[in-house]
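# Per-entry structural report
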Amino acid sequence: MCAARSKVEVGPVEARFYDLLMDVISIGHYGGLLHNVVDRMRLAPGQSVLDLGSGSGRNDLLIMERIGVEGRLLGLDVSQEMLRQSRERLRKWPNALFREERIEKPLPYENEFDRVFMAFVLHGFEDSQKREIVRNAYRVLKPDGLFCIFDYHEFNLKTLWPPIRYVFTHAECQLASEFLSLDLRNMLSEEGFTTFDEDLFARGHLRLLKAGK
């Protein structure tokens, strides 16, 4: 990945304060937003979930509360600090595992998961890498599984409220700006996904896109 164009991989200090940063940027709304997103993933007890770019495990704790002790969660990340936080946060869930693994490289899983989840990760990859991630998701999902992508929706950056636009243009990477005009549904269709559903948040600027295998 080109560090100059992406900020999806964070250093240990930034990773340590990532959750606090998200809360500050969202003026305290990020936690509630995650609850709403996970509620719309159509999770059920006993399901299996793969979280690509699992970060601090904040999302995964919510997921585990829904799939329960009979479910299975695997989180993949490249940050040792993020993995440490995830393992600590979910220490009471032995069926939640976390591994250091690159998500844009071929993954050693096939037809194993009911859901694949990503939150604010896909936008930080080059388009060719996005396709590899999408292919991974398709391959690891069971038939009728869902690829759930929570990220920026397609919108015109100029329409944002100026303070928010300033934060976006200065805190986010060049790839994030390009992601706003990406036809993600088309990319998913080209890699085999056949059904789509979406939920919009933050006045349509954020989207949970659910692609069915």
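Here's a quick rundown of the structure. For clarity, every value in this text was computed on a predicted model and none was experimentally measured.

## Structural notes on the overall build of the protein chain
Scanning the protein chain for helices and strands turns up nine helices and seven strands. A buried classification covers 53% of the 213 residues belonging to the protein chain. Put simply, of all contacts in the protein chain between residues at least 6 apart along the chain, 72% involve residues at least 24 apart.

## Quick word on the nonpolar core
In terms of nonpolar packing, the biggest core is built from 59 residues, with Phe147 and Phe150 touching the most fellow members. The contact partners of Phe147, leaving out residues within four places of it in the chain, are Val116, Met118, Val134, Ala137, Leu141, Leu188, Phe193, Leu209, Lys210 and Ala211.

## A look at the pattern of salt bridges
With the rule as written, the count across this model stands at 19 salt bridges. The closest approach of N and O atoms between Glu198 and Arg207, which form a salt bridge, is 3.4 Å. We classify Arg207 as buried; its relative accessible area is 4%. Of the charged contacts, one joins Lys210 and Asp199 as a salt bridge, the two residues approaching to 2.6 Å between their closest N and O atoms. Of this pair, Lys210 sits in strand β7 (residues 206-212) while Asp199 sits in strand β6 (residues 195-201), and the two are eleven residues apart along the sequence. Per residue, the accessibility class of Lys210 equals that of Asp199, and both read buried.

## Remarks on the sheet that holds strand β3 (residues 96-100)
For sheets, the rule is that strands pair by backbone hydrogen bonds, running either parallel or antiparallel. If you walk across this open sheet you meet the seven strands as β3-β2-β1-β4-β5-β7-β6, and the pairing is mixed. Edge positions in the sheet fall to β3 and β6, since each of these pairs with one other strand and no more. In this sheet, adjacent strand axes meet at a mean angle of 15° when their direction is disregarded. Here strand β2 (residues 72-77) pairs with β3 via five bridges, running parallel. Within the sheet, the bridge partner assigned to Gly75 lies in β3 and is Phe98. Contacts between helix α4 (residues 58-67) and the sheet are confined to β1 (48-52), β2, β3 and β4 (113-119), with β2 contributing the most and set at about 165° to the helix. Contacting β2 and β3, helix α5 (residues 80-89) crosses the sheet at an angle of about 170° to β3.

## Quick notes on the packing of aromatic side chains
On inspection of all chains with the given rule, the structure shows six aromatic pairs. For the pair Phe150 and Phe201, a centre-to-centre distance of 5.8 Å together with 85° between the ring planes defines the contact as edge-to-face. With a gap of 51 residues between them, Phe150 in strand β5 (residues 141-152) and Phe201 in strand β6 connect regions that are remote in the sequence. Accessibility classification places Phe150 together with Phe201 in one group, the buried group.

## What about the side chain of Glu81?
Checked against the element boundaries, Glu81 lands in helix α5. Here Arg84 takes part through its side chain, which lies 2.7 Å from a polar atom of the side chain of Glu81.

## What about the side chain of Asn59?
Tracing the backbone shows Asn59 in helix α4. On the basis of relative accessibility, which here comes to 8%, the residue Asn59 falls in the buried class. Ignoring sequence-local partners within four residues, the contact set of Asn59 consists of Tyr30, Leu34, Val38, Asp51, Phe117 and Ala119.

What counts and what doesn't
Residues numbered from 1 in each chain as written. Predicted model: local features only at pLDDT ≥ 70, side-chain atom pairs only at ≥ 80, totals over all residues. Heavy atoms only, no water. Helix = DSSP H or I, 4+ residues; strand = E, 2+ residues; numbered from the N terminus. Buried < 20%, exposed > 50% of the residue type's maximum accessible area, 1.4 Å probe, protein only. Contact = heavy atoms within 4.5 Å. Core = buried A, V, L, I, M, F, W, Y, C linked by side-chain atoms within 4.5 Å. Salt bridge = Lys/Arg side-chain N within 4 Å of Asp/Glu carboxyl O. Pairing = 2+ DSSP bridges. Axes fitted to C-alpha atoms, helices over the stretch in contact; angles between N-to-C directions. Phe/Tyr/Trp six-rings, centres within 6.5 Å; stacked < 30°, edge-to-face > 60°. Polar contact = N/O pair within 3.5 Å; in protein donor to acceptor, adjacent residues only side chain to side chain.

Nothing here speaks to function; it is geometry throughout.
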